[in-house]
Amino acid sequence: MHGVVLWNKTTRVHSNLITWQDERCDEKFLNSLPVKSKSDVSSGYGCATLYWLSFNNQLKPEFDSAGTIHDFLTFLLAGHNVMSDQNALSWGYFDLNKNEWQNELFNCDTFPSYLLPKTAKAGYKLSDFVTLLNSVRLEAKIFNALGDLQSSVLSSLQQQTDCGMR
């Protein structure tokens, strides 16, 4: 849930996955961040990783969107990048009471806030269909991605025709 993939919405060019196990954000770096997170933040969390990439000039200009690996999958299926509140909270810098990214991020010159996805409560429907190979349209309800544990539970509680991917 914590990891990051960057991509271009038009070309669909994407970065490698930076996993939650990434350790480039040491304690000294995390303590130096200009905005303090209202939620937990640690090395490998999405927003900490975006800060690090920005500080170290490693953000490629062609990328205009970011999310977890499963947000990227739902983007590919539905064409929209809307992160669930539970995934956003796992990235840090998310105000769960307001269901939005911390406003301070958008006023911080060193944070690439333009990459942050829109957020919605878990269960937000992104699409009623999937278009494959730009021509084959299939009926399928696509919802914003959930965390791995939540997907496991959801897929066992719903109808036999439902599918939860993680």
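Right, let's walk through the structure included here. (Residues numbered from 1 in each chain as written. Predicted model: local features only at pLDDT ≥ 70, side-chain atom pairs only at ≥ 80, totals over all residues. Heavy atoms only, no water.)

Counting residues in each nonpolar core, the largest one holds 27 residues, and the members touching the most others are Leu50, Tyr51 and Trp91. Contributing elements (two or more residues each) for this core: α1 (27-32), α2 (46-55) and α4 (85-91). The leading source of residues in this core is α2, at six residues. Counting six residues, the second largest nonpolar core, distinct from the first, contains Ala78, Val82, Ala120 and Leu126. (Core = buried A, V, L, I, M, F, W, Y, C linked by side-chain atoms within 4.5 Å. Buried < 20%, exposed > 50% of the residue type's maximum accessible area, 1.4 Å probe, protein only. Helix = DSSP H or I, 4+ residues; strand = E, 2+ residues; numbered from the N terminus.)

For the rest of this paragraph, the subject is the packing of aromatic side chains. Enumeration over the complete set of coordinates arrives at eight aromatic pairs. Both rings, one in Phe29 and one in Phe55, keep their centres 5.5 Å apart while their planes meet at 80°; by these two values the pair is edge-to-face. In this pair, Phe29 sits in helix α1 while Phe55 sits in helix α2, placing the two residues 26 residues apart along the sequence. Assessed through its relative accessible area of 13%, Phe29 is described here as buried. Phe55 gets classed as partly exposed once you look at its relative accessible area, which sits at 32%. Ring centres of Tyr51 and Phe111 lie 4.8 Å apart, and the angle between their planes is 65°; this geometry places the pair in the edge-to-face category. Highlighted residues: Tyr51 in helix α2 and Phe111 in the loop between β5 (100-101) and β6 (118-120), separated in sequence by 60 residues. You'll find Tyr51 and Phe111 in the same group, each marked buried. Three or more aromatic residues joined by ring pairs form one cluster here, namely Phe29, Tyr51, Phe55, Tyr93 and Phe111. Over the ring of Trp52 we find Arg24, and its NZ or CZ is 4.8 Å from the ring centre. Stacked on the ring of Phe129, the Lys or Arg Arg137 has its end atom at 3.5 Å from the ring centre. (Phe/Tyr/Trp six-rings, centres within 6.5 Å; stacked < 30°, edge-to-face > 60°. Lys NZ or Arg CZ within 6 Å of the ring centre and 35° of its normal.)

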